Amino acid sequence: GEDVEQSLFLSVREGDSSVINCTYTDSSSTYLYWYKQEPGAGLQLLTYIFSNMDMKQDQRLTVLLNKKDKHLSLRIADTQTGDSAIYFCAASPGGGNKLTFGTGTQLKVEL
Amino acid sequence: DTAVSQTPKYLVTQMGNDKSIKCEQNLGHDTMYWYKQDSKKFLKIMFSYNNKELIINETVPNRFSPKSPDKAHLNLHINSLELGDSAVYFCASSQNLRGLASEQFFGPGTRLTVL
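Asks: Explain the pairing of strand β7 (residues 64–70) of chain B to me, using residue names and the numbers behind them.
Replies: On a regular strand, each side chain points to the face opposite its neighbour's, so the side chains alternate between the two faces of the sheet. All names here are of chain B. Bridging between β7 and strand β8 (residues 73–78) involves five bridges; their strand directions are antiparallel. Following the sheet pairing, Pro66 is matched in β8 by Leu76. If you look at the hairpin formed by β7 and β8, you'll find two residues sitting between the two strands.

Asks: Can you lay out the interface of chain A and chain B for me, pointing to particular residues and giving the numbers?
Replies: Counting residues at the interface gives 17 residues for chain A and 23 residues for chain B. Connecting chain A to chain B are one salt bridge. Put simply, B:Glu58 and A:Lys98 hold a salt bridge, and the shortest N to O gap is 3.0 Å. Summed over the shared surface of chain A and chain B, the result is four residue pairs in polar contact (both at pLDDT 80 or more). Mapped onto the side of chain A that touches chain B, the elements with two or more residues apiece are β4 (31–37), β5 (43–50) and β9 (85–91) of chain A.

Asks: Quick one: what's the story with the layout of surface pockets, residue by residue and with numbers?
Replies: There is about 510 Å³ of room inside the largest pocket. Taken together, 24 residues line the largest pocket, and the ones lying closest to its centre are A:Thr100, B:Leu43, B:Lys44, B:Ile45 and B:Glu58. The set of elements that each furnish at least two residues to the lining of the largest pocket consists of β1 (4–6) and β10 (100–101) of chain A together with β5 (43–50) of chain B. Sort the elements by how many residues they give to the lining of the largest pocket and β5(B) lands first, with four residues. Partitioning the lining of the largest pocket into residue classes produces eleven nonpolar, five polar and eight charged. Estimated volume of the second largest pocket: approximately 370 Å³.

Asks: Which residues make up the state of the cysteines, and what values go with them?
Replies: Residues and elements named next belong to chain A. Following the criterion strictly, the structure yields two disulfides over all chains and no others. Disulfide partner of Cys22: Cys89, at an S-S distance of 1.9 Å. Disulfide Cys22-Cys89: torsion about the S-S bond near 65 degrees, hence right-handed. A residue pair is termed long-range when its members are at least 10 positions apart, and Cys22 in strand β3 (residues 18–24) and Cys89 in strand β9 qualify at 67 residues.

Scoring rules and cut-offs
Residues numbered from 1 in each chain as written. Chains lettered and ligands numbered in written order. Predicted model: local features only at pLDDT ≥ 70, side-chain atom pairs only at ≥ 80, totals over all residues. Heavy atoms only, no water. Pairing = 2+ DSSP bridges. Helix = DSSP H or I, 4+ residues; strand = E, 2+ residues; numbered from the N terminus. Contact = heavy atoms within 4.5 Å. Salt bridge = Lys/Arg side-chain N within 4 Å of Asp/Glu carboxyl O. Polar contact = N/O pair within 3.5 Å; in protein donor to acceptor, adjacent residues only side chain to side chain. 1 Å grid on protein atoms, 1.4 Å probe; cavity = no way out; pocket = protein on both sides within 12 Å on 5 of 7 lines; lining within 4 Å. Points joined across faces, edges and corners; volume = space filled by probe spheres on them. Nonpolar A, V, L, I, M, F, W, Y, C, P; charged D, E, K, R; others polar. Disulfide = S-S within 2.5 Å.

Spelled out as structure tokens, the structure:
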């Protein structure tokens, strides 16, 4: 089955850029997603990218996809304290509704 | 105007008991899910229903039984609770868009503690 891996922690200073990385194994994943989980809450979709794209920009968020290496990244520009949360990447093997989530990256933003 | 709601928010119970968690969505979606998030924050899908029909059933013990009385509700019943069932259980819903990107909307979670 699909395996999705992320580094567990990232710490940045307010105003810096954050880059969260993700690798996946199943090349049939049609869409790749980034979700955010704030403390005590459910996950919320941030953005997604179609597998035939290599970049998508949405305000402060930039998603880069290297399909050959099966590597996905999320860049948050001008990181704010409100961005502190756990970020999950997710893949949809075969393009269906079933998502395989990564291990989650805890982002800590320091003043 | 909550989109995906779950009850209860917290559930503390003894080993061996039977308990249920309820989920309702008012988004008009046709697909609903149950996920389990463990203490390390790993999130794993358990079940998915599309229009009241079970479509995803991961390797989950038989003690867990989902029930979907209609497409707006998906409940989770757990028999003979064990210590390892302690986790946060999330319900989610999405619209089945056949090959298009589909956002899953998550409920606030139910924190289950088995003593």
